[in-house]
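Remarks on the overall topology
Here are the chains, one letter per residue:
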Amino acid sequence: MFFNSEKQLIKRALQGNQGAWSKLCAQHHSRVYNQCLRLVGNPQDALDIAQDVFLSMYRNLHTFNGDAKFSTWVFKITHARIVDHMRKHKFESIEGKEPEMPQHGPDSKIAQQQSNEEIYIALKQLPFEQRIVVELKFFQHYTFDEIALQLELSSNTVKARLYSALGKMKGQLEVQNHG
């Protein structure tokens, strides 16, 4: 069966249509997984968190009211699951550890490129509050106002965190390239 819009998919999924639910998951899986991977740094943890995200989405789909974009709702769930994971692991820092990059799958060619790995390492050394802003701005392509709304911060705070993060990443990348 062909679905012509995300609203239609949501409606059908709420009616118990497994095909519609599967299509919704497929549309968001890569984005959710990659967001988790960039923020927690471990492919297995990222898969586990992504699985929790989709389980939460399934259980709470009836609460989605359409006031915001569906992708924003998915992000909020993803963010909450990542924060839960960080708390559960007592905010273990991954600084100083080599990132665990996927060795197979559709993202393996990208993940193995040296420049991406350097950026990944620099990103992992940021505090979580800065990492999430970089994630939303550059990987999820949200505006400052959208990020502020999602994180319940002012736009100025979001901008300050982003510029501070970029400064730290630039310094780290310069050290990596000249060290």
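This structure is a prediction, so every number in the text was calculated from the model and none was measured. (Residues numbered from 1 in each chain as written. Predicted model: local features only at pLDDT ≥ 70, side-chain atom pairs only at ≥ 80, totals over all residues. Heavy atoms only, no water.)

1. Some words on the packing of aromatic side chains
For the coordinates displayed, the defined rule picks out six aromatic pairs. When the centroid spacing of 5.1 Å and the interplanar angle of 90 degrees are considered together, the rings of Phe-64 and Phe-70 count as edge-to-face. Grouping aromatic residues by their ring pairs yields a cluster made of Phe-64, Phe-70 and Trp-73. (Phe/Tyr/Trp six-rings, centres within 6.5 Å; stacked < 30°, edge-to-face > 60°.)

2. Let's talk about unusual backbone geometry
Phi is positive for His-141, which is not a glycine, with a value near 65 degrees. When you line up the elements, His-141 lands in the loop between α7 (128-139) and α8 (144-151). Not every positive phi belongs to a glycine, and Glu-152 is a case in point at roughly 55 degrees. Along the chain, Glu-152 falls in the loop between α8 and α9 (155-178). A relative accessible area of 68% means that Glu-152 is categorised as exposed. (Helix = DSSP H or I, 4+ residues; strand = E, 2+ residues; numbered from the N terminus. Buried < 20%, exposed > 50% of the residue type's maximum accessible area, 1.4 Å probe, protein only.)

3. Focus: α8
If you check which residues of α8 are buried, you get Phe-144, Ile-147, Ala-148, Gln-150 and Leu-151. In an axial view of α8, the angular spread of the buried residues amounts to 165 degrees, which keeps them on one side of the axis. Every exposed residue of α8 that faces more than 90 degrees away from the buried side is listed here: Asp-145 and Leu-149. Among the residues trailing α8, Glu-152 stands out with phi positive, at a value near 55 degrees. (Arc of directions from axis to C-beta.)

4. Details of empty space enclosed by the protein
Picture a little ball the size of a water molecule; that probe, rolled over the atoms, points out where space is still empty. Here the structure, examined in full by the defined rule, presents one cavity of 30 Å³ or more. Taken as a whole, the largest cavity encloses approximately 50 Å³ of empty space. The wall of the largest cavity is formed by His-28, Arg-31, Val-32, Gln-35, Ser-71, Val-74, Phe-75, Thr-78, Gln-140 and Tyr-142. Broken down by class, the residue content of the lining of the largest cavity amounts to four nonpolar, five polar and one charged. (1 Å grid on protein atoms, 1.4 Å probe; cavity = no way out; pocket = protein on both sides within 12 Å on 5 of 7 lines; lining within 4 Å. Points joined across faces, edges and corners; volume = space filled by probe spheres on them. Nonpolar A, V, L, I, M, F, W, Y, C, P; charged D, E, K, R; others polar.)

5. What about the environment of Ile-132?
Residue placement: Ile-132 occurs in helix α7. Linking Ile-132 and Arg-161, residues 29 residues apart in sequence, is a C-alpha distance of 9.5 Å. Discounting chain neighbours no more than four positions away, the residues touching Ile-132 are Gln-35, Leu-39, Phe-75, His-79 and Leu-151. (Contact = heavy atoms within 4.5 Å.)

6. Points about the packing of helix α1 (residues 6-14) against helix α2 (residues 18-40)
At their nearest, the axes of α1 and α2 sit 8 Å apart, and the two run at 130 degrees to each other. The orientation of α1 relative to α2 falls into the category oblique. In the crossing of α1 with α2, the sense of the turn from one axis to the other is left-handed. The segment α1 lies against α2, with Glu-6, Leu-9, Ile-10, Arg-12 and Ala-13 engaging Ala-20, Trp-21, Lys-23, Leu-24, Gln-27 and His-28. Its residues assigned to classes, the contact of α1 with α2 shows six nonpolar, two polar and three charged. (Axes fitted to C-alpha atoms, helices over the stretch in contact; angles between N-to-C directions. Parallel < 35°, antiparallel > 145°, perpendicular 65-115°, else oblique. Left-handed = near helix turned anticlockwise from the far one by under 90°.)

7. Considering the pattern of salt bridges
Side chains carrying opposite charge are able to pair once their charged atoms draw close together. Tallied over the entire structure, the rule returns three salt bridges. The residue Glu-135 makes a salt bridge to Arg-38 at a minimum N-O spacing of 2.5 Å. You can see Glu-135 sitting in helix α7 and its partner Arg-38 sitting in helix α2, a full 97 residues away along the chain. On the accessibility criterion, Glu-135 (0% relative accessible area) is buried. You can call Arg-38 buried: its relative accessible area is 14%. Glu-146 is paired through a salt bridge with Lys-69; the nearest N and O atoms lie 4.0 Å apart. On the criterion of sequence distance, the pair formed by Glu-146 in helix α8 and Lys-69 in the loop between α3 (43-60) and α4 (70-88) is long-range, its members being 77 residues apart. (Salt bridge = Lys/Arg side-chain N within 4 Å of Asp/Glu carboxyl O.)

The analysis is restricted to geometry; functional conclusions fall outside its scope.
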